[in-house]
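# Residue-level structure breakdown
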Amino acid sequence: MIIVYILLGLIVTLLLAAALMPKSFSVEKSLVIRKPRTDVMGFVGNLNHYSQWNPWQKMDPTAKSQISGNPMSAGHLYHWEGKKIGIGELRFLNSDTHHIHFD
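Residues numbered from 1 in each chain as written. Predicted model: local features only at pLDDT ≥ 70, side-chain atom pairs only at ≥ 80, totals over all residues. Heavy atoms only, no water.

Taking strand neighbours across the sheet as the criterion, the four strands line up as β1-β2-β3-β4 in an open arrangement whose pairing is antiparallel. Looking at which strands have only one partner, the edges of the open sheet turn out to be β1 (64-68) and β4 (100-102). Each strand axis lies, on average, 20° off the axis of its neighbour in the sheet, ignoring direction. Pairing analysis gives three bridges linking strand β3 (residues 86-95) to β4, with the strands arranged antiparallel. Bridge pairing in β4 links S95 to I100. Sitting on the sheet, helix α2 (residues 37-45) is in contact with β3 and β4, with an inclination near 10° to β4. (Pairing = 2+ DSSP bridges. Helix = DSSP H or I, 4+ residues; strand = E, 2+ residues; numbered from the N terminus. Axes fitted to C-alpha atoms, helices over the stretch in contact; angles between N-to-C directions. Contact = heavy atoms within 4.5 Å.)

Spelled out as structure tokens, the structure:
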């Protein structure tokens, strides 16, 4: 009978801990790139280079990808399909002097 009480106590403790944890969290990673901003923005905004720096693409090297549109132009698209990384696409929306926006 004591084992049942211990198990119930553990379950209640886990549920209480889960209720007290934050509802969301964020993970960030920073890296200093010692290159001119225009060079970096041009590299990141050109999806022809995407597979060179994308960690998920490196995780599934047999994945198929297709690139369409002009780099740094609205609608520039990177589409992928792989066993590990699934199916998806990344579409360039727009950019300014400090940001590149993808969907």
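Here the narrative resumes, following the displayed structure.
The end-to-end C-alpha distance of helix α1 (residues 2-20), which contains 19 residues, comes to 27 Å, matching closely the 27 Å that a straight helix rising 1.5 Å per residue would cover. With zero of its 19 residues buried, α1 lies for the most part at the surface. (Expected span 1.5 Å × (residues − 1). Buried < 20%, exposed > 50% of the residue type's maximum accessible area, 1.4 Å probe, protein only.)

By size, the foremost hydrophobic cluster in this structure holds seven residues: L47, Y50, A63, Y78, W80, I85 and L90. Look past the residues within four positions of A63 in its chain and what remains in contact with it is Q57, E81, G82 and I85. (Core = buried A, V, L, I, M, F, W, Y, C linked by side-chain atoms within 4.5 Å.)

Under the definition given, this model contains four aromatic pairs. Grouping aromatic residues by their ring pairs yields a cluster made of Y50, W53, Y78 and W80. (Phe/Tyr/Trp six-rings, centres within 6.5 Å; stacked < 30°, edge-to-face > 60°.)

This next bit is on the environment of I11. By the element assignment, I11 lies in helix α1. Under the relative-accessibility criterion, I11 is labelled partly exposed at 47%. Separated by 84 residues in sequence, I11 and S95 place their C-alpha atoms 49 Å apart.

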